[in-house]
Amino acid sequence: MSKSSASWRSSDRIPVAVVGPTGYTGLELIEILGRHPTIRIDYLASARVPTPRIDQEFPRLAHRLAGHPTGECEPIDAAKIAVRCRLVFLCLPHEAAMEHTPALLARGVKVVDLSAAYRLRDSATYERAYGHTHTDAAGLPRSVYGLTEWFRDEVRGCDLCANPGCYPTAAAIALLPLLRAGLIDPSSIIINAASGVSGAGRAPKPNLHYPEANENFSAYGIGVHRHQPEIAQTLRLKGGDFGAALGGEPLFVPHLLPLERGILETIYAAPATAGLDTLAVQSCLKAAYEREPFVVVRDDAPTLRDVQRTNMLHVNGRVVNGRVVLVAAEDNLVKGASGQAVQNANLMLGLDETCGLL
Ligand SMILES: NC(=O)c1ccc[n+]([C@@H]2O[C@H](COP(=O)([O-])OP(=O)(O)OC[C@H]3O[C@@H](n4cnc5c(N)ncnc54)[C@H](OP(=O)(O)O)[C@@H]3O)[C@@H](O)[C@H]2O)c1
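Parameters and conventions
- Residues numbered from 1 in each chain as written.
- Predicted model: local features only at pLDDT ≥ 70, side-chain atom pairs only at ≥ 80, totals over all residues.
- Heavy atoms only, no water.
- Helix = DSSP H or I, 4+ residues; strand = E, 2+ residues; numbered from the N terminus.
- Buried < 20%, exposed > 50% of the residue type's maximum accessible area, 1.4 Å probe, protein only.
- Polar contact = N/O pair within 3.5 Å; in protein donor to acceptor, adjacent residues only side chain to side chain.
- Pairing = 2+ DSSP bridges.
- Near = heavy atom within 4 Å.
- Domains from an automatic or database assignment.
- Phe/Tyr/Trp six-rings, centres within 6.5 Å; stacked < 30°, edge-to-face > 60°.
- Patch = residues over 30% accessible without salt bridge, like charges linked within 9 Å, V, L, I, M, F, W, Y side chains within 5 Å.
- Areas by Shrake-Rupley, 256 points an atom, 1.4 Å probe, with all protein chains shown as cover.
- Salt bridge = Lys/Arg side-chain N within 4 Å of Asp/Glu carboxyl O.
- Contact = heavy atoms within 4.5 Å.
- Buried area = accessible area lost by both parts, 1.4 Å probe.
- Axes fitted to C-alpha atoms, helices over the stretch in contact; angles between N-to-C directions.
- Parallel < 35°, antiparallel > 145°, perpendicular 65-115°, else oblique.
- Left-handed = near helix turned anticlockwise from the far one by under 90°.
- Core = buried A, V, L, I, M, F, W, Y, C linked by side-chain atoms within 4.5 Å.
- Arc of directions from axis to C-beta.

Asks: For this particular structure, what's the right way to read the environment of Glu-260?
Replies: In this fold, Glu-260 is placed in the loop between strand S9 (251-256) and strand S10 (263-269). A residue is classified by how much of its surface remains accessible, and Glu-260, at 45% relative accessible area, is partly exposed. Sequence-wise, Glu-260 and Asp-331 are 71 residues apart; in three dimensions their C-alpha atoms are separated by 10.0 Å. At 3.1 Å, the side chain of Glu-260 and the side chain of Arg-261 are in polar contact.

Asks: Would you take a moment to explain the sheet that holds strand S4 (residues 110-113) for this structure?
Replies: Spatially, the six strands line up as an open sheet ordered S2-S1-S3-S4-S6-S5, and their pairing is parallel. Edge positions in the open sheet fall to strand S2 (39-45) and strand S5 (144-145), since each of these has one partner strand only. By the bridge criterion, three bridges tie S4 to strand S6 (residues 160-162) in an arrangement that is parallel. Bridged to Val-112 within S6 is Cys-161.

Asks: Teacher, can you tell me more about the site of the ligand here?
Replies: Not every one of the 26 residues close to the ligand is listed here, only the nearest: Thr-22, Thr-25, Arg-48, Leu-92 and Arg-202. Here an oxygen atom of the ligand and a side-chain polar atom of Arg-48 are 2.7 Å apart. Separating an oxygen atom of the ligand from a side-chain N or O atom of Asn-332 is a distance of 2.9 Å. Secondary-structure elements contributing two or more residues to the shell around the ligand are helix H1 (24-33), helix H4 (94-106) and helix H12 (334-348). Looking at which domains feed residues into the shell around the ligand, each of domain 1 (3-142) and domain 2 (167-332) gives three or more.

Asks: Whenever I open this one, the packing of aromatic side chains confuses me. Can you help?
Replies: Aromatic ring pairs: the centre-centre distance and the angle between the two ring planes describe each pair. One pass over the structure, following the stated rule, counts four aromatic pairs. For the ring pair Tyr-145 and Phe-151, a centre distance of 5.5 Å and an interplane angle of 80° mean the geometry is edge-to-face. Each member of the pair, Tyr-145 as well as Phe-151, is classed as buried. Summarising the aromatic geometry, the rings of Trp-150 and Tyr-289 are spaced 6.3 Å apart at their centres and angled 85° between planes, so their arrangement reads as edge-to-face. Pair noted here: Trp-150 is in helix H6 (residues 148-156) and Tyr-289 is in helix H11 (residues 278-289), with a separation of 139 residues, a long-range link.

Asks: Sorry if this is basic, but what is going on with a nonpolar patch on the surface here?
Replies: On the surface, Ile-190, Leu-251 and Tyr-268 cluster together into a nonpolar patch covering about 230 Å² of accessible area. Here Ile-190 is to be found in strand S7 (residues 190-195).

Asks: Mind showing me how you'd approach the domain arrangement of the protein here?
Replies: Note: interface size is frequently given as the accessible area lost on complex formation between the parts. Its domain assignment divides the protein into domain 1 (3-142) and domain 2 (167-332). Placing a centre on the C-alpha atoms of domain 1 and another on those of domain 2 gives a separation of 28 Å. Across the contact, 14 residues belong to domain 1 and nine residues belong to domain 2. Across the interface of domain 1 and domain 2, roughly 1,100 Å² is buried in total on both sides, 49% from carbon and sulfur atoms. Together, Tyr-24, Arg-119 and Tyr-130 form the three largest contributors to the area buried by domain 1 at its contact with domain 2, with a combined 46%. Here domain 1 is connected to domain 2 by three salt bridges. We note a salt bridge from Arg-119 to Glu-230, for which the minimum N-O separation is 3.0 Å. If you look at where domain 1 meets domain 2, you find six residue pairs in polar contact (both at pLDDT 80 or more). Mapped onto the side of domain 1 that touches domain 2, the elements with two or more residues apiece are H1 and helix H5 (123-130).

Asks: Sorry if this is basic, but what is going on with the packing of helix H7 (residues 166-180) against helix H9 (residues 227-238) here?
Replies: Each pair of packed helices gets described by two things: the angle between the helix axes and the distance between those axes. Packing of H7 against H9 leaves a shortest axis separation of 9 Å and a crossing angle of 30°. It follows from the interaxial angle that H7 and H9 lie roughly parallel. Like other packed secondary-structure pairs, H7 and H9 cross with a definite hand, here right-handed. Contacts between H7 and H9 involve Cys-166, Tyr-167, Pro-168, Ala-171, Ala-172, Leu-175, Leu-176, Leu-179 and Arg-180 on the former and, on the latter, His-227, Glu-230, Ile-231, Thr-234, Leu-235 and Lys-238.

Asks: How do you make sense of the environment of Gly-196 when you look at a structure like this?
Replies: Examined against the element boundaries, Gly-196 turns out to sit in the loop between S7 and helix H8 (210-213). Its relative accessible area of 2% is what places Gly-196 among the buried residues. Sequence separation of Gly-196 and Ile-263 is 67 residues, and the distance between their C-alpha atoms is 6.5 Å. Once residues within four sequence positions are removed from consideration, Gly-196 is found in contact with Leu-257, Leu-259, Glu-260, Arg-261 and Gly-262.

Asks: Which parts of the structure should I look at to understand the nonpolar core?
Replies: Among the nonpolar cores identified, the biggest contains 83 residues, and Leu-33, Phe-89, Val-112 and Leu-326 are the most heavily contacted of them. Top contributing element to this core by residue count: H7, with 11 residues. For this core, the domains that each give at least three residues are domain 1 (3-142) and domain 2 (167-332). Leu-92, Ala-97, Met-98 and Ala-162 belong to the second largest nonpolar core, which has 27 residues in total.

Asks: Honestly, H5 in this entry has me stumped. Any pointers?
Replies: Turn by turn, an α-helix covers 3.6 residues, leaving residues three or four places apart pointing in a common direction. Turning to H5, its buried residues are Thr-125, Tyr-126 and Tyr-130. Down the axis, H5 shows its buried residues gathered within 110° of arc, on one side only. Among the structural elements, H4 and H9 are those in contact with the buried residues of H5. Positive phi shows up at Gly-131, right after H5, with a value of about 75°.

If you want it as structure tokens, here you go:
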């Protein structure tokens, strides 16, 4: 069947596929798409043998399948997906995402990739950070980084959107306005971040085991986390002259919070101008985000409860003892993953960016 006569024309809702629906971002995506007025899930794709039924994997999804007739997963088959769907969400490990993306793009399907496979412009940086070969380096120039608030025009016209990492989303949204305005010294940035356990995915790991994680709090990947080069790349690309002047990578220290979901980042930087005060920092953030539907500049520091299960990112900035202090909060599975993925898909499909997300 050719694209022009494909089955989506018989429906007033746009058919999409979710590949990797048995993980946490896939689950969140199905929840969001279940409320979406314009998109329906036509294809759930899993590599498991036998393929699972998603309403048995997650019984609470039985009534949320966004128009999917059965909840039955099918094998990951690019040709079949391309006949039935206009866009695919890849909720897969990085290596699996770069395995499937070229075949989907070659068949004219748009891809929103939630993994890190296409986020870094340079395959050598990717390979250093992720410790394995990039098997589709030729595909990197085609991808657009999907930090929606800062790459909106590029996302609108792209067919491969590299959805940002959860930690980099909060860090970049908090820092970019101040960097662009030349208010903070790029060499002084320290990002102190904490994430709920779902940030590590659904596959069991010893340190995520309940007796290890519960009532515990630990730092990990200090100064070497994979998201550090991604944060640096975005600050360089969109941070104006001060971003371009970023020497190395900003210091980034993530922590594991004994909660299901949510990211809170406390970010410190030295002012670049004498006499910088809280009013100037807050005014800069408010000017950048006053028209943004999913970013709220708060007069007080946000908490995780303010943003959990929403696509909102709350941020507050102030100057304390000669240091700029920013606090940003988001839900790692929504604004940090599946919510932002839908925000980007809406743009790629010519829909209102907020569809299904407010
Ligand atoms: N969790 C977050 O907060 C978050 C935020 C932003 C971005 N991300 C990124 O989003 C992607 C998905 O994350 P997640 O948290 O949803 O992970 P997850 O819970 O571990 O789920 C991974 C999914 O991929 C499937 N899968 C695993 N290996 C596969 C393979 N070789 N071929 C095909 N399918 C495979 C799994 O299927 P089975 O169920 O059969 O194993 C599952 O459906 C990752 O790249 C992650 O880095 C995650």
